[in-house]
2 protein chains.
Amino acid sequence: MNDPSTTEPFGPANTKPWEQLEECLDRGDGAEAGPFLERIGYAEAARSLSRLDRRHRERLLSCLEPEAAAELLEHLPDAESASMLESTEPEVAASVFEELSSDTQADVLVTLQPENAEALLAALDPVVADAAIDLAKFAPDTAGGLMVREFLSYDQRDSAAQIVNDLRSRIGEVEDYAVQYIYVTGPRAGLVGVLRLRDLLFARNMKPASELMIGDPLSVRTDATLDDLADLFEARSFLGIPVLDESFALVGVVHKRDVDAALDERAESSRMRAQGIVGGEELRFMPLRLRSVRRLSWLSVNILLNLAAASVIAMHQDTLQSVIVLAVFLPMISDMSGCSGNQAVAVSMRELTLGIVRPIDVLYVWRKELQVGLVNGAALGVLVGLLAWAWQGDPMLGVVVGVALAVNTLVAVSIGGVVPLLLQRFKVDPALASGPILTTLTDVCGFLLALTLASAILT
Amino acid sequence: MNDPSTTEPFGPANTKPWEQLEECLDRGDGAEAGPFLERIGYAEAARSLSRLDRRHRERLLSCLEPEAAAELLEHLPDAESASMLESTEPEVAASVFEELSSDTQADVLVTLQPENAEALLAALDPVVADAAIDLAKFAPDTAGGLMVREFLSYDQRDSAAQIVNDLRSRIGEVEDYAVQYIYVTGPRAGLVGVLRLRDLLFARNMKPASELMIGDPLSVRTDATLDDLADLFEARSFLGIPVLDESFALVGVVHKRDVDAALDERAESSRMRAQGIVGGEELRFMPLRLRSVRRLSWLSVNILLNLAAASVIAMHQDTLQSVIVLAVFLPMISDMSGCSGNQAVAVSMRELTLGIVRPIDVLYVWRKELQVGLVNGAALGVLVGLLAWAWQGDPMLGVVVGVALAVNTLVAVSIGGVVPLLLQRFKVDPALASGPILTTLTDVCGFLLALTLASAILT
């Protein structure tokens, strides 16, 4: 019996797995690398890979058995799998590629540089090549792009005994396909039912599939979107849904786990964009040039946004000079309002994800945020106003700072709550754009409030 | 054949599902509500629920059949399920509770107010009550807290035919348990193997389970953590793992989907904390008081952090007054550095999640961030420096602003990259604390740099 606390996947605690892997490769005897990866697990291996130096990375695939190499690639992001295949000789790459599952084949194929894709396709078994090209035609986040071609189907006239006998002879395949359901087809490969292994288990030998199956099964077309699929898997506890082409022929199966993975990937990418990592995943083993350029592309947009807030201050420079103590509180107003607005953004994004609000519910959200904004604005305004008074000894300074913060909190939660809905409605990614829009508007508004109030009351 | 594009879950497009549900309840005939929920799907129903007014929410559970009510609760957050049960009479609540899966029972039980939990337990079948209390003792994010007690196990001496016959007689249960594996036990309920349905399918009638099973199965103890479980499910493609108690007896099964759900919940909660929603989930149908207080508790900590940056400006007020134009650029330095730092935080959080870096890799991360910081700091410094010169016509102002931003970018990416690792190492939630620490330190450092440089060069 295994106790997870004792299944430490590394060797000696002070030798890192990637160092052990490099040693394996250095000893020239690549055959060791395969069992080593198996031992540490392919998920851990995929992590270690990112810490290998380039020379070792490039040699790894050719050292492994094609099955082991393919298993490793299945655990890597598509971009990384593609780059590993590109740095391997086409013949070796082809033998690894043939061991990949059909959906990974398609994903990797569209990620390869065109000239490398051609070299690879030329080295492949033409049947595998055609199948991969076929699948690669589907958009990635659709049923066609997510489905696998590996499934089991039988004609509706086949008997339980025939099916069991055939399964028995294909037991290896059955294992590989992680089969939960067997599909039953009628004329022209049209899907007419789903047969569960457990129903086959309890069946009389001579019963035909048509009497054992669950009829009128749920299915999707190849162009069903990721959101369609997510809704279906959420509503029903299926592990896979059959996919039909335009002529209603069964062409593949979308597995729940692949839909979940695609959803995770999309959510993760949106989270990274919200924090300014735009244009693709960044991991620190990637080239410096790529990392710098991607980050800078986002930061330079940010300079332009900042000019708006800077202009407000520039226009009120004289006021600020005569009430210089206000400069102490401007960053605080800016930061506090930003935080209040961000809280509202977070709740809106969460409610959009859960489907509790829809892009059309702008007024509902605004009303709910105004309530919080009134309470929190009043509380924060009084708190920071008193603080300003106590610190600088000027009650009117407290009034200016407090009122500016109170009103700007109301503005910030309104913007923060409503902007994600509006962006979604106009098909702009709310994760990417909500933050910058919020910061720019709350800064402009906060500085304007504070400086206008100051010029009226304090000068 | 179903096409998802035609399976619109709502009725007429202009009547919202919660309005239809309210009408159902208002017509007095609650029996309609059950089929209505079934028709729109329980996931959609869970969403609609948040838009019902209180009166209708409170009446809903008592209108439904216990099975339907339980199915609905399975789709709600535990806090919401508990509050729905609390507003229902204990006898009705008990009959609904008995239909919940064992893990949901335990989760809901610990979420109820103590006096309500007692009332519910008193109204329950004692066997159900004891089982729920037993399960509720386990910490929520452990194998004990995540496992279900519903599983199938047979003695190793049972034959294939005996097992199939018994399964046949319990087909309803088998359906409910979503069975993939059957567990095989030896003396004292000790787990000795796992039997797959498909192996049973191909078995000779008289073979005992001990010859059909896969021996020495992977298992966990009740105290295995969520991270242990995540690692196991990531490394192996299992749908469930058996759970053993201190005496190695089989007591439950942890399903992959429950581990995935717990991981999602944890990630979501950490994401919300990163954006200042602290102390529990906020959804806009929650009471205003709760929403305001939770948000304020976080904002008031933020005031204290802001005082650090404000103090820097207060100490250099004279410098600022004599070079008032610098006030135009201070918010820009603060915001740009914050953005650069946030990018580094995002990459560190991502790499921590993927396991590519570990809390001990501080130096590796710092080195990688310094490289980006040098390039991006130089680029941004030159850009903003030239901008300041061009806008205000003072080359030395450009130097002060540019140098301050360049150096502060280096500081920001260092802090942003390293702080999440340090926090993780000292067991502080990096999602919660990285942002505020970053903002405070970069503001203090940026203002200090700009104002000190200005007092040396510009005054």
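Keep in mind it's a predicted model, so treat the numbers as computed, not measured. (Residues numbered from 1 in each chain as written. Chains lettered and ligands numbered in written order. Predicted model: local features only at pLDDT ≥ 70, side-chain atom pairs only at ≥ 80, totals over all residues. Heavy atoms only, no water.)

Draft legend 1. Inspection of the overall build of chain A at higher detail. Regarding its fold elements, chain A presents 23 helices and 7 strands. Here chain A has a C-alpha radius of gyration of 30 Å; the compact-globule value for 459 residues is 23 Å, and the former is much larger. Among the 459 residues that make up chain A, the fraction classed as buried is 52%. Relative to all contacts within chain A whose residues are 6 or more apart in sequence, the contacts with residues 24 or more apart total 66%. As displayed, chain A offers around 19800 Å² of accessible surface, 56% of which is attributable to carbon and sulfur atoms. A distance of 5 Å separates the average location of the 37 positive side-chain charges in chain A from that of its 63 negative side-chain charges. (Helix = DSSP H or I, 4+ residues; strand = E, 2+ residues; numbered from the N terminus. Rg over C-alpha atoms; globule rule 2.2 N^0.38 Å. Buried < 20%, exposed > 50% of the residue type's maximum accessible area, 1.4 Å probe, protein only. Contact = heavy atoms within 4.5 Å. Areas by Shrake-Rupley, 256 points an atom, 1.4 Å probe, with all protein chains shown as cover. Lys, Arg positive; Asp, Glu negative; His and termini not counted. Charge placed at Lys NZ, Arg CZ, Asp CG, Glu CD.)

Draft legend 2. Seen up close, the relation of the copies chain B and chain A. When chain B is fitted onto chain A, the two copies agree to an RMSD of 0.1 Å after a turn of 180° and an axial shift of 0.0 Å. Here the two chains are linked by the operation of a two-fold rotation axis. Of all interface residues in chain B, 100% are interface residues in chain A too; the two copies therefore contact each other through one and the same surface. (Least-squares fit on C-alpha atoms with pLDDT ≥ 70 in both.)

Draft legend 3. Highlighting the sheet that holds strand β6 (residues 240-244) of chain B. Residues and elements named next belong to chain B. The strand order across the open sheet built from 3 strands is β5-β6-β7, with neighbouring strands paired in mixed fashion. Of all strands in the sheet, those bounded by a partner on one side alone are β5 (220-221) and β7 (250-255). Against the sheet, helix α17 (residues 256-274) touches β6 and β7, its axis set at about 60° to β7. (Pairing = 2+ DSSP bridges. Axes fitted to C-alpha atoms, helices over the stretch in contact; angles between N-to-C directions.)

Draft legend 4. Spotlight on the confidence of the model for chain A. When pLDDT is averaged along chain A, the result is 86, and 94% of the positions lie at 70 or above. We note a pTM of 0.78 for the whole complex and an ipTM of 0.79 for its interfaces. (pLDDT = per-residue confidence, 0-100.)

Draft legend 5. Broad picture of a negative patch on the surface. On the surface, A:D141, A:D264, A:E265, B:D141, B:D264 and B:E265 cluster together into a negatively charged patch. Elements supplying a minimum of two residues to the negative patch: α17 (256-274) of chain A together with α17 of chain B. You can see A:D141 is positioned in the loop between α10 (126-136) and α11 (143-146). (Patch = residues over 30% accessible without salt bridge, like charges linked within 9 Å, V, L, I, M, F, W, Y side chains within 5 Å. Salt bridge = Lys/Arg side-chain N within 4 Å of Asp/Glu carboxyl O.)

Draft legend 6. Quick look at the pattern of salt bridges. A complete count under the given rule lists 28 salt bridges over all chains for this structure. The residue A:R157 makes a salt bridge to A:D155 at a minimum N-O spacing of 2.8 Å. Put simply, B:E351 and A:R284 hold a salt bridge, and the shortest N to O gap is 3.0 Å. Of this pair, B:E351 sits in helix α20 (residues 326-354) while A:R284 sits in the loop between α17 and α18 (288-315), which puts the two residues in different chains. With respect to class, B:E351 is no different from A:R284; both count as buried.

Draft legend 7. Quick peek at the pairing of strand β7 (residues 250-255) of chain A. Residue and element names in this part refer to chain A. Among the 6 residues that make up β7, 6 are buried, leaving the element largely enclosed by the rest of the structure. In the sheet, strand β6 (residues 240-244) pairs with β7 via 5 bridges, with the strands oriented antiparallel. Residue pairing in the sheet places I241 in a bridge with V254 of β7. As consecutive antiparallel partners, β6 and β7 are separated by 5 residues, and within that stretch F248 has a phi angle of approximately 65°, a positive value.

Draft legend 8. Geometry of the sheet that holds strand β2 (residues 181-185) of chain A. Residue and element names in this part refer to chain A. Spatially, β1-β2-β3-β4 is the arrangement adopted by the 4 strands of the open sheet, whose pairing is mixed. Of all the strands in the sheet, the pair left with one neighbour each is β1 (153-155) and β4 (214-215). Where helix α12 (residues 160-169) meets the sheet, it contacts β1, β2 and β3 (191-196), and its direction lies at approximately 145° from that of β1.

Draft legend 9. Focus on the interface of chain B and chain A. Residue-level contacts link 113 residues of chain B with 114 residues of chain A. Both faces considered, chain B and chain A share a buried interface measuring about 10500 Å² in area, 60% of it formed by carbon and sulfur atoms. Our count for the contact surface shared by chain B and chain A stands at 10 salt bridges. For A:E369, the salt bridge goes to B:R295, with nearest N and O atoms at 2.9 Å. Where chain B packs against chain A, one counts 27 residue pairs in polar contact (both at pLDDT 80 or more). The element that contributes the greatest number of residues to the side of chain B that touches chain A is α20(B), accounting for 18 residues. Of the residues in the side of chain B that touches chain A, the class split is 64 nonpolar, 23 polar and 26 charged. (Buried area = accessible area lost by both parts, 1.4 Å probe. Polar contact = N/O pair within 3.5 Å; in protein donor to acceptor, adjacent residues only side chain to side chain. Nonpolar A, V, L, I, M, F, W, Y, C, P; charged D, E, K, R; others polar.)

Draft legend 10. Up close: the packing of aromatic side chains. A complete count under the given rule lists 4 aromatic pairs over all chains for this structure. Centre to centre, the rings of A:F151 and A:Y183 are 6.3 Å apart; their planes meet at 80°, and the pair counts as edge-to-face. Taken together, the residues span a long stretch of sequence, with A:F151 in the loop between α11 and β1 and A:Y183 in strand β2 at a distance of 32 residues. The burial state of A:F151 is the same as that of A:Y183; both residues are buried. A cation over a ring is seen here: B:R221 above B:F248, with NZ or CZ 4.8 Å from the ring centre. (Phe/Tyr/Trp six-rings, centres within 6.5 Å; stacked < 30°, edge-to-face > 60°. Lys NZ or Arg CZ within 6 Å of the ring centre and 35° of its normal.)

Draft legend 11. A look at the environment of B:L304. All names here are of chain B. The topology assignment puts L304 in helix α18 (residues 288-315). On the accessibility criterion, L304 (58% relative accessible area) is exposed. Expressed as a C-alpha distance, the spacing of L304 and V293, which sit 11 residues apart in the sequence, is 17 Å.

Draft legend 12. The arrangement of α18(A) in detail. Look at α18(A): 40 Å from first C-alpha to last across 28 residues, which is about the 40 Å you get at 1.5 Å a residue. Largest kink in α18(A): about 30°, centred on A:A308. (Expected span 1.5 Å × (residues − 1). Bend = angle between axes of the 7 residues up to and from the residue.)

Draft legend 13. How the structure looks around the side chain of B:E282. For B:E282, the location among the structural elements is in the loop between α17 and α18. Look at B:E282 and you get buried, because its relative accessible area is 2%. Only 3.0 Å separates the side chain of B:E282 from the side chain of B:R291, close enough to count as a polar contact. Within the structure, the side chain of B:E282 is placed 2.7 Å from the side chain of B:R295, a separation counted as a polar contact. Each residue touching B:E282, except ones within four places of it in the same chain, is listed here: A:V347, B:I277, B:R291, B:R294 and B:R295.

Draft legend 14. Seen up close, the pairing of strand β2 (residues 181-185) of chain B. Residues and elements named next belong to chain B. Among the 5 residues of β2, 5 are classified as buried, and the element is accordingly described as predominantly covered. Alternating positions in β2 separate into two faces, Y181, Y183 and T185 on one and I182 and V184 on the other, with burial throughout. Sheet topology places strand β1 (residues 153-155) next to β2; 3 bridges connect them, and they run parallel. Each bridged residue has a counterpart across the sheet, and for S153 the counterpart in β2 is Y183. Here 5 bridges tie β2 to strand β3 (residues 191-196), and the two strands are oriented antiparallel to one another.

Draft legend 15. Structural detail: the nonpolar core. A:L320 and B:L320 are the most contacted members of the largest nonpolar core, which has 65 residues in total. The contacts of B:L320, once residues within four sequence positions are left out, are A:I324, A:A327, B:I313, B:L326, B:A327, B:L330 and B:L451. By size, the runner-up hydrophobic cluster in this structure holds 58 residues, among which are A:W18, A:F97, A:L124 and A:L146. (Core = buried A, V, L, I, M, F, W, Y, C linked by side-chain atoms within 4.5 Å.)

Draft legend 16. Up close: unusual backbone geometry. Phi is positive for A:D216, close to 45°, though the residue is something other than glycine. Positionally, A:D216 belongs in the loop between β4 and β5 (220-221).

Draft legend 17. Looking closely at empty space enclosed by the protein. According to the stated counting rule, one finds 3 cavities of 30 Å³ or more in the structure shown. Considered as a void within the structure, the largest cavity measures approximately 70 Å³ in volume. Every residue along the wall of the largest cavity is listed here: A:I313, A:A327, A:L330, A:P331, A:F447, B:L320, B:A327, B:L330, B:P331 and B:F447. Those elements giving two or more residues to the lining of the largest cavity turn out to be α20 (326-354) of chain A together with α20 of chain B. The residue makeup of the lining of the largest cavity, split by class, is 10 nonpolar, no polar and no charged. (1 Å grid on protein atoms, 1.4 Å probe; cavity = no way out; pocket = protein on both sides within 12 Å on 5 of 7 lines; lining within 4 Å. Points joined across faces, edges and corners; volume = space filled by probe spheres on them.)

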